[in-house]
Amino acid sequence: MSNIKSELLGKIKDKSAVVGIVGLGYVGLPLAVEFAKAGYRTIGFDVQAKKVDAVNAGHNYIGDIVGDTLKNAVEAGRLTATSDFAFIRKVDAVAICVPTPLDKYQQPDISYVKGSTESVAKYVHGGMVIILESTTYPGTTEELLKPILEAGGLKCGRDFYLAFSPERVDPGNKQYKTKNTPKVVGGIGRDSTEVAAALYRSVLAGGVFEVSSPAVAEMEKLLENTYRNINIGLANEMAIICHRMGINVWEVIEAAKTKPYGFQAFYPGPGLGGHCIPLDPFYLAWKAREYDYHTRLIETSGEINTGMPEYVVQRAMTVLNRDKKSMNGAKVLVMGVAYKADIDDYRESPALNIVDLLLKQGADTTFYDPYIPEYRHKGKTHTGARELTDEMLKRADIVIICTAHSCFDYDKIQKLSQEVFDTRNAMKDVKDRSNIELL
Ligand code: SAJ
């Protein structure tokens, strides 16, 4: 066994390894806390001073981190944060957990990955293992990270190890958290895989699944999320077809769910939000073009999903039309702008596009979301109602449910509203259906 491998495995075994986590967001900070809790000296790196200061003050800002775990780790001196990458000199293992958004042309923006890797490369030293966790196109670790880290003369596999291990954080998920979610790891060479897997096994309880290369690990994460994107697209297309046929798509899905094998239920909605599902498949589509392959299924599903806000507004206009009202000048109340229920995240939320489309149609539009009092979208700030009053429900010509927050009183919404357009089947338990239109 090479001496750097045995040394690293030894430091993992006795927890004397110093662990660095680059990017202290919803992926990096919970991971840093897990390493600190496991007994490792952990250094968090972030370019945002406010995040660094918050961590060093023991102030938690990530919902998935419960209780005082962050504060305890900081007070025990096992977790500190910094913006100074020179501390990489002290680090034996580093995980890079930075965003991988799309740019305005729907192209992958890996500037954060590139920038972080360059910052690490400035201080990379022999005996390190470096792991990328950010969701990205297959080939990123080998084609982008490896050359940057070797630029100073070190050799991957001889002087340091390099692997990819996709983050699988599902914000707000009460059952699966960083600690107990299975982890996939693929390194450049067997030793990289083994060392990276040993590091995660020493902290995580969900099991570590080793694959033969970083590209396999990069691709499996894209399969996970493309699978969701396309199945949600199918559910949305079924909703459109069922509506035309006068069939209740929600009843159809409940019936299909009775099949105990070979079917997983996905549900229609106002569109696709979040920082993963709408974006990740386009990392794959983009890379596939380099191999002269056009990912038709992903593109079509993307068209269906991104077309849902327009479809929702069309359907709302039909409801108003039935009441001999025009959308122009109608009072519309949008309930919920978060991209999914019971969280305060509105990234890529379809509700934002629905509000814009309603405003464009001249509707007198307000929104109410207890988790999101205001949001910025396309350079504009939208401020929601501070609270939901009976008056607001009564005066609205139509109430559109965009997010099925569990804190909403759906019986009351039905009782007081003139019309409700429920795009989430959130009102499924409401008995009186007389003024409820379902997507
Ligand atoms: N959505 C539907 N119909 C569905 C499911 C979701 O319209 O049947 C919508 C949601 O309302 C939301 C969007 O799709 O707007 C994405 O929802 P999501 O449930 O996929 O939640 P995300 O975006 O938080 O996805 C994360 C992902 N986690 C990671 O990438 C690490 C994804 O892999 C998880 O499978 C997903 O959480 C999860 O299962 O909750």
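Chains are numbered independently. Their residues run from 1 in the order of the written sequence. Given that this is a predicted model, residues contribute local features only at a pLDDT of at least 70 and side-chain atom pairs are listed and counted only at 80 or more, while totals for whole chains, interfaces and linings are drawn from all residues. Neither water nor hydrogens contribute to the side-chain values; these are computed over all heavy atoms in the structure.

### Looking at the sheet that holds strand 13 (residues 398–401)
- With respect to topology, five strands assemble into an open sheet ordered 10-9-13-14-15, the strand pairing being parallel. Unpaired on one side and paired on the other, strand 10 (364–368) and strand 15 (436–438) mark the two borders of the sheet. Each strand of the sheet is rotated relative to its neighbour by a mean of 20 degrees, with strand direction disregarded.
- Note on contacts: a residue pair qualifies if any of its non-hydrogen atoms lie within 4.5 Å across the two residues. Between N-to-C directions, angles span 0 to 180 degrees; the directions come from axes that are lines fitted to C-alpha atoms, helices contributing only their stretch in contact. In this text, helices come from DSSP runs of H or I with a minimum length of four residues, and strands from runs of E with a minimum of two, each type numbered from the N-terminal end. The strands touched by helix 12 (residues 308–322) within the sheet are strand 13, strand 14 (420–422) and strand 15, with strand 13 carrying the most contacts at an inclination of about 155 degrees. Pairing between strands requires that DSSP locate at least two bridges from one strand to the other.

### Considerations on the state of the cysteines
- Throughout, disulfides are identified as pairs of cysteine sulfur atoms within 2.5 Å of each other. Under the criterion given, the structure shown has zero disulfides.
- In this structure Cys-97 is not part of a disulfide, and its nearest cysteine sulfur, from Cys-276, lies 13 Å away.
- Cys-402 carries a free sulfur, and the closest cysteine sulfur to it, the one in Cys-407, is 15 Å from it.
- Residue exposure (1.4 Å probe, protein chains only): buried if accessible area is under 20% of the type maximum, exposed if over 50%, otherwise partly exposed. The exposure class of Cys-402 is buried, given its relative accessible area of 1%.

### Some details on the domain arrangement of the protein
- Each domain span listed reflects an automatic or database assignment of domains. Segmenting the protein into domains produces domain 1 (3–212) and domain 2 (234–438).
- Distance from the C-alpha centre of domain 1 to the C-alpha centre of domain 2: 36 Å.
- The interface of domain 1 with domain 2 comprises 17 residues on the first partner and 14 residues on the second.
- Here domain 1 and domain 2 share an interface that buries about 1,300 Å² over both sides, 62% of which is from carbon and sulfur atoms.
- Broken down residue by residue, the surface that domain 1 buries against domain 2 is led by Leu-102, Pro-108 and Tyr-137, which jointly contribute 33%.
- Take a side-chain nitrogen of Lys or Arg and a carboxyl oxygen of Asp or Glu: if they are within 4 Å of each other, that pair is a salt bridge. For the pair domain 1 and domain 2, the number of links is two salt bridges.
- For Asp-170, the salt bridge is made with Lys-340, and the minimal N-O distance between the two is 2.8 Å.
- Identification of polar contacts relies on pairs of N or O atoms within 3.5 Å, with a donor-acceptor requirement for protein atoms, meaning one able to donate a hydrogen and the other able to accept it, and with residues adjacent in sequence counted only if both atoms are side-chain atoms. Summed over the shared surface of domain 1 and domain 2, the result is seven residue pairs in polar contact (both at pLDDT 80 or more).
- For the side of domain 1 that touches domain 2, the per-class residue count stands at eight nonpolar, six polar and three charged. Buried area: the accessible area, evaluated with a 1.4 Å probe, that two parts lose upon being put together, summed over both parts. Three categories are distinguished: nonpolar for Ala, Val, Leu, Ile, Met, Phe, Trp, Tyr, Cys and Pro, charged for Asp, Glu, Lys and Arg, and polar for the others, with Gly belonging to the last.

### Observations regarding the sheet that holds strand 3 (residues 79–82)
- Strand order in the open sheet formed by eight strands is 3-2-1-4-5-6-7-8, and the pairing between neighbours is mixed. Pairing within the sheet leaves two strands with one partner each, and these edge strands are strand 3 and strand 8 (208–211). Each strand of the sheet is rotated relative to its neighbour by a mean of 25 degrees, with strand direction disregarded.
- In terms of strand pairing, strand 6 (residues 160–164) meets strand 7 (residues 183–187) through two bridges, oriented antiparallel.

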